[in-house]
Amino acid sequence: QVQLVESGGGLVQAGDSLRLSCAPSGRTISSYAMGWFRQAPGKEREFVATITRSGGSTHYSDSVKGRFTISRDNAKNTVYLQMNSLKAEDTAVYYCASKESYLFTVLTDWAAYDYWGQGTQVTVSS
């Protein structure tokens, strides 16, 4: 069992930046593809970003491309989501997810992930 713990959420103004972190307890992330998803009130969970186990490939939803950056530091056993130029429509609970995978596997479907964090709230005021 992998427990993921997210941190870094908060209340910011439009145009500000935040960095979310995700760290598993009891396991290292080096064996996992990692992803970030979000869910706004009344909406379905949506894909935000993913990074392959190798760290060499990243993918983003169109809504965040160019503003958000996913990265991983296997030495620190942490995955990050740097969010810049935040907009009110980015307001949501953000979830970290992991899936044991091959080095270059890309996973954008939430159903593909095995483990999830509890979520961290990001609120962007306009």
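Heads up: these notes are all about the structure in this document. (Residues numbered from 1 in each chain as written. Predicted model: local features only at pLDDT ≥ 70, side-chain atom pairs only at ≥ 80, totals over all residues. Heavy atoms only, no water.)

Scanning the protein chain from terminus to terminus reveals zero helices and 11 strands. Along its sequence from the N terminus, the protein chain presents helices and strands in the succession β-β-β-β-β-β-β-β-β-β-β. Whereas a compact globule of 126 residues would reach a radius of gyration of roughly 14 Å, the protein chain reaches 13 Å, a difference of no more than 12%. Viewed in the frame of its principal axes, the protein chain has a C-alpha envelope of about 40 × 30 × 25 Å. In the protein chain, buried positions account for 43% of the 126 residues. Sequence separation of 24 or more characterises 61% of the internal contacts of the protein chain that already satisfy a separation of 6 or more. Carbon and sulfur atoms provide 47% of the accessible area of the protein chain, an area that totals close to 6300 Å². (Helix = DSSP H or I, 4+ residues; strand = E, 2+ residues; numbered from the N terminus. Rg over C-alpha atoms; globule rule 2.2 N^0.38 Å. Buried < 20%, exposed > 50% of the residue type's maximum accessible area, 1.4 Å probe, protein only. Contact = heavy atoms within 4.5 Å. Areas by Shrake-Rupley, 256 points an atom, 1.4 Å probe, with all protein chains shown as cover.)

Turning next to the side chain of threonine 50. Its location among the elements puts threonine 50 in strand 5 (residues 46-51). Of the residues examined, threonine 50 reaches a relative accessible area of 1% and is grouped as buried. Reaching out from threonine 50, the side chain makes a polar contact with the backbone oxygen of leucine 107 at a distance of 3.3 Å. With near-sequence residues (within four places) excluded, threonine 50 lies in contact with Met34, Gly35, Ser57, Thr58, His59, Ile70, Val106, Leu107, Thr108 and Tyr113. (Polar contact = N/O pair within 3.5 Å; in protein donor to acceptor, adjacent residues only side chain to side chain.)

Before going further, it helps to examine the packing of aromatic side chains. A full pass over the atoms with the stated rule returns four aromatic pairs. With a centroid separation of 5.1 Å and 55 degrees between ring planes, the pair formed by phenylalanine 37 and tryptophan 116 is classed as tilted. Here phenylalanine 37 is found in strand 4 (residues 32-39), whereas its partner tryptophan 116 is found in strand 10 (residues 115-116), with 79 residues between them in sequence. You can call phenylalanine 37 buried: its relative accessible area is 0%. Residue class for tryptophan 116 comes out partly exposed when judged on its relative accessible area of 23%. By way of ring pairs, the aromatic residues Phe37, Phe47, Tyr113 and Trp116 are connected into one cluster. Positioned over the ring face of tryptophan 116 is arginine 45, at 4.6 Å from the centre of the ring. (Phe/Tyr/Trp six-rings, centres within 6.5 Å; stacked < 30°, edge-to-face > 60°. Lys NZ or Arg CZ within 6 Å of the ring centre and 35° of its normal.)

Turning our attention to the state of the cysteines. In the structure shown here, the tally under the stated rule is one disulfide. Between the sulfur atoms of cysteine 22 and its disulfide mate cysteine 96 the distance is 2.0 Å. Taking the sign of the S-S torsion, -75 degrees for the link of cysteine 22 and cysteine 96, the bridge is left-handed. Of the two residues, cysteine 22 sits in strand 3 (residues 18-25) while cysteine 96 sits in strand 9 (residues 92-100), which places them 74 residues apart along the sequence. Just as cysteine 22 is buried, cysteine 96 falls in that class too. (Disulfide = S-S within 2.5 Å.)

Everything listed here is a matter of geometry and, on its own, says nothing about what the molecule does.
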